[in-house]
Amino acid sequence: AVVSTQSGHYGQATCDVAYALETIEYCENAIEQSAAGDITFYPVQAGQKARSPCPFNNDSYAVRQCNAQAEWEEPDITECDSINTGKIKKITVESEDSVNDLKEKTKDTNVIAPKDIEIVVSKMKGDEMKHVFNSSTTTSIKGLAENSMAVMSNMMVASRSSPTNQKTKNQIVDSIEYVALLALEHLKYDDETVDFSTEASDVILVKEAARSLSPIGNENIKINLNGSSNIQNLAALIYKDNKAFKPPLNKSRGNSFIAGKVVGLKHTKREGDTTDDSISFKMKFDFPDLKNPDKKPRQKVLKECHFYQPESDSWSTAGCTSTVAEDGSVECECNHMTSFAVILSVEENKVPMWLSNLVLGINVTFCILTLLCTLPFRTFRVRKMTIIQSHSILSLCLLCITWFLMQDLELSESEPAYENTSCKAIAFIAHYFLIATFSWIFCCSLTLKSQIVDAVKSFGKKNKYLVKKCVLFGYGFPLLIPSLAFLMDFLMKKYTTEGQEIHYIQKMACWYEDIWIYSFILFPIYVFFIINIVCFIKIMRVIGNARRSSDGSSQRKVVKAGFALAFTQGLPWVMHPGALTDGAAEVFQYLFLITFGLQGIGLFVFNVLFQEEVLKNLCGLLNVKPPPIFLSVVPSKQRRTPNSQTGETSLGTARNSSGNADKLYSNNFTLTSVAATAVEKSIYQDSSYYNELHESSVVTEHKSDDTYSQLDRTRGTTRELGGSNTDLLHRSPIPGETEKPDHQGPPFV
């Protein structure tokens, strides 16, 4: 937009006026060459419609939409006449000659307008055509049927080039089936089998079809009727072009299309039979594109028999079962007759299968390595945090295994994935372990929070049933989520019509439908994720404060703790919603795979390589020296030596003065030492660090409840004997002093 400013003087006032010139997009002048003649559409603003008079009937108008991108859409010329409209209107269908005349008038399909198609369809489907067939005196119905089909074939061909809506196309198909049914009802003595071809379809009319010993059809279509079916005559209409039928919707992220040709079937009942229709037949589709579909290696393919529903412009499998032969051909067995086709669906696999398998394999490998480095040793196995983390890693490992089984499961080409029992069972188990993984991460976060953030409140308190509570929640709660999903799926299918098309499993692949991913997978995951993030922030604040109050601690441990927690918070699932979109789905799928694949590696690095005690134990078994890069930068003895001048240590501050000793000792011990001890114990799990801390402090794990009472008793005894606070500090060294107390605590196990 261009903005200009003008200033004007009115008496003593000055007025600044700004004019904004907005750029407006237009659709340019266009001439549409159609069966209704050349129609000129003049420029209009984007988002508006242009109206132009029809060339052959100026009292009507053609309409064309200029879309928001300033591009012309297809014109609507349904109200416009063609050069032959007047001639077609004058023809009255009352005899075979009039049908031939109508065929000649519609022979040039390039000048047949949508309005002409509607006129012809109304003539061919009315009572006039029934009268023509009733009054036929020929010994064979073939001539009349062929000419009538030729008229409708011209209409179908004209609909390809002329802008015709789907409703008109459905009317053309309905008229063709109507003419075929009239021909069946009027088959003559000489009409044992009538077959002919038009530009739009191949037509086969069979008398006494149920008694036919050989299949009905051609080299690509074979129809076998059940002898007990209530069928007398049969008409098979093999359409050469599928454009008259609305393409199937691409569901479940698969590319679906009509393979081969659409076959329409019409029949007449046996004469004098008043029973209900009893139809049973098998139809084999043997087209080249069915046998050799265009797909990538390991890309799943589904071949299903469908019938067309013109009232909803959709395809359905109701009443039909599909069987795929070894050669790739498809046999359909149905109990009704209409227009049938085989819908070929090819899985839309944007991420290569080998990459997905590689990621899952990496996760499983590193998860197993992490468990093997800790669980076989009692020193690590008895720690509560190690137990909780091990269950989380185990759940992640089992999740990856079940996902691998899901995507490599062999599915039938004729059966949707949601009907495969094995697929549903594995999907349920995978759903369970996915929620279980996050349930254990949730337990881990709450445990860390209670031991670090709430260290003062929980110091000295033992939760004997912590692991049992986590086991109950970590393996009990995840069972509820997939069970609810299965129950909802069952209830929706039983009590709602929309639920018939909404499945727990996709149609093309053994994977979950989007609606279930959002409601029963992502929703509980993000609830856990948000809670874990809150705990993570609180934990990092305490760790940061402990680092600032410690002059010898390393920043690397803070970073280590932060990354260790971040990797266990489900970072990959931040990317997953983007993988469900249509725009950047492929990009987010790769990001999800990369971050998900790093989970196993991250768990191994943070739980083995960055844990000095675990690493030293592992290297000791292998008789190798631990890599210095994974060890602490500052030796532990240097970190714990107090300052002789000030009495400051890495865990707190104490002064050897009688006035402030008790106060400073109590405050620093409570707020700093406890938090730092909990950080070291809960996150790093470095027993050498913790043991030294334990040995240099009066605070022990099993006597923490009596710390303050013991301090009071000692203070009282000292005063009675005339001692001072200096003696107190000497007998009970503060945390961090190198002097060892009389009591030696147990090793950190």
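Keep in mind the model is a prediction, meaning the values are calculated, not measured. Within every chain, residues take consecutive numbers counted from 1 along the sequence as written. Local features in this predicted model are restricted to residues of pLDDT 70 or higher, and side-chain atom pairs are both shown and tallied only at a pLDDT of 80 or more, whereas totals for entire chains, interfaces and linings draw on every residue. Note: side-chain values were computed over all heavy atoms of the structure, leaving out hydrogens and water.

### Here's the deal with the overall build of the protein chain
The test is simple: For helices the rule is a DSSP run of H or I covering at least 4 residues; for strands it is a run of E covering at least 2, with both sets numbered from the N terminus onward. Whether a residue is buried, partly exposed or exposed follows from its accessible area with a 1.4 Å probe, protein chains only, as a fraction of its type maximum: under 20%, in between, or over 50%, in that order. Each accessible area is a Shrake-Rupley result for a 1.4 Å probe, and residues are judged covered by the shown protein chains and nothing else.
When helices and strands are tallied, the protein chain shows 23 helices and 20 strands. For the protein chain, the residues scored as buried account for 49% of the 749 residues in total. Of the roughly 37,400 Å² of accessible surface on the protein chain, 55% is carried by carbon and sulfur atoms.

### Details of helix α10 (residues 384-407)
The criterion, for reference: Given a helix with a known number of residues, its expected span is that number minus one, times 1.5 Å.
Taking 1.5 Å per residue, 24 residues should reach 34 Å; α10 reaches 35 Å between its end C-alpha atoms and fits that length. Within α10, 17 of the 24 residues are buried, which leaves it mostly tucked inside the rest of the structure.

### Side note on the state of the cysteines
What counts here: The definition used for a disulfide is geometric: two cysteine sulfur atoms within 2.5 Å.
Tallied over the full model, the rule gives five disulfides. Sequence-ordered numbering of the bonded cysteines in the protein chain yields a pairing of 1-3, 2-4, 5-7, 6-8, 9-10. Of all cysteine sulfurs in the structure, the one in C443 sits closest to C470, which takes part in no disulfide; the separation is 3.7 Å. In this structure C470 comes out as buried when scored by relative accessible area, which is 6%.

### Description of the packing of helix α4 (residues 127-134) against helix α6 (residues 166-185)
Our working definition: Inter-axis angles, ranging from 0 to 180 degrees, are taken between N-to-C directions of lines fitted to C-alpha atoms, where helices are fitted over the stretch in contact. Should an angle lie under 35 degrees it is considered roughly parallel, over 145 roughly antiparallel, and from 65 to 115 roughly perpendicular; all remaining angles are considered oblique. Each crossing is labelled by how the near helix is turned from the far one, with a counterclockwise turn of less than a right angle marking it left-handed and a clockwise turn marking it right-handed. In this analysis, two residues are considered to be in contact whenever any of their non-hydrogen atoms come within 4.5 Å of each other. Just so you know the grouping, Ala, Val, Leu, Ile, Met, Phe, Trp, Tyr, Cys and Pro go in nonpolar, Asp, Glu, Lys and Arg go in charged, and all remaining residues, Gly too, go in polar.
Between α4 and α6, whose axes approach to 10 Å, the crossing angle comes to 25°. As the angle between them shows, α4 and α6 are arranged roughly parallel. Like other packed secondary-structure pairs, α4 and α6 cross with a definite hand, here right-handed. For the pair formed by α4 and α6, the contact residues are M129, K130 and F133 on the first element and Y178, V179, L182 and A183 on the second. Across the contact of α4 with α6, the residue classes break down as six nonpolar, no polar and one charged.

### Some remarks on the packing of helix α2 (residues 96-105) against helix α5 (residues 142-161)
For the pair α2 and α5, interaxial distance at closest approach is 9 Å and the crossing angle is 30°. Between α2 and α5, the crossing angle belongs to the class labelled roughly parallel. Handedness of the crossing formed by α2 with α5: left-handed. Here E96, V99, N100, L102 and K103 of α2 come into contact with α5, specifically with L144, N147, S148, A150, V151 and N154. Of the residues belonging to the contact of α2 with α5, the class tally is five nonpolar, four polar and two charged.

### Considering the pattern of salt bridges
Rules: Take a side-chain nitrogen of Lys or Arg and a carboxyl oxygen of Asp or Glu: if they are within 4 Å of each other, that pair is a salt bridge.
A full pass over the atoms with the stated rule returns nine salt bridges. A salt bridge links R64 to E32; the shortest N-O distance between them is 3.6 Å. Taken together, the positions of R64 in strand β8 (residues 61-65) and E32 in strand β4 (residues 30-34) put the pair 32 residues apart, joining distant regions of the chain. The buried category is assigned to R64, whose relative accessible area is 10%. Between K493 and D489 there is a salt bridge, with its nearest N and O atoms 2.5 Å apart. With a gap of four residues between them, K493 and D489 both fall in helix α13 (residues 466-495), about one helical turn apart.

### Overview of the pairing of strand β10 (residues 201-206)
Heads up, the rule is: A pair of strands is treated as paired once DSSP finds two or more bridges between them.
Judged by how many residues are buried, β10 sits mostly within the fold: six of six residues are covered. Side chains S201, V203 and L205 of β10 all project onto a buried face; the interleaved residues D202, I204 and V206 project onto the opposite face, where all are buried too. Inspection of the sheet shows strand β9 (residues 193-197) paired to β10 by five bridges, in the antiparallel sense. Across the sheet, D195 pairs through a bridge with I204, a residue of β10. If you look at the hairpin formed by β9 and β10, you'll find three residues sitting between the two strands. With six bridges connecting them, β10 and strand β13 (residues 233-239) associate as antiparallel partners. Its bridge partner being in β13, V203 is matched across the sheet by L237.

### Things to note about the sheet that holds strand β15 (residues 281-285)
Hydrogen bonds along the backbone pair up the strands of a sheet, which may run parallel or antiparallel. Pairing within the open sheet is antiparallel, and its five strands lie in the order β11-β12-β15-β19-β18. Only two strands of the sheet have a single partner each, and these edge strands are β11 (216-217) and β18 (320-324). Bridge count between β11 and strand β12 (residues 221-225): two bridges; the pairing is antiparallel. Pairing of G217 across the sheet is with K222, part of β12.

### A short note on unusual backbone geometry
The residue E208 is not glycine, and still its phi comes out positive at about 50°. Within the secondary structure, E208 sits in the loop between β10 and β11. The backbone phi angle of N623 is positive, close to 60°, even though this residue is not glycine. Within the element layout of this structure, N623 appears in the loop between α18 (612-622) and α19 (636-640). On the basis of relative accessibility, which here comes to 71%, the residue N623 falls in the exposed class.

### Concerning the confidence of the model for the protein chain
Rules: In predicted models, pLDDT denotes the confidence assigned by the predictor to each residue on a 0 to 100 scale.
Of all residues in the protein chain, 72% have pLDDT values of 70 or greater, and the mean over the chain is 76. The model gives residues 1-13 a pLDDT under 50, and that stretch makes 22 contacts with residues more than four places away or in other chains.

### What about the environment of S214?
Within the secondary structure, S214 sits in the loop between β10 and β11. Judged by relative accessible area, S214 falls into the partly exposed class, the value being 45%. Expressed as a C-alpha distance, the spacing of S214 and L225, which sit eleven residues apart in the sequence, is 9.7 Å.

### Observations regarding the pairing of strand β19 (residues 330-334)
Across the two faces of β19 the burial differs, with V330, C332 and C334 buried and E331 and E333 not buried at all. Looking at chain direction, β15 and β19 are connected through five bridges and run antiparallel. Across the sheet, the residue bridging to M283 is C332, located in β19. Sheet topology places β18 next to β19; five bridges connect them, and they run antiparallel. The partner of V324 across the bridge, within β19, is V330.

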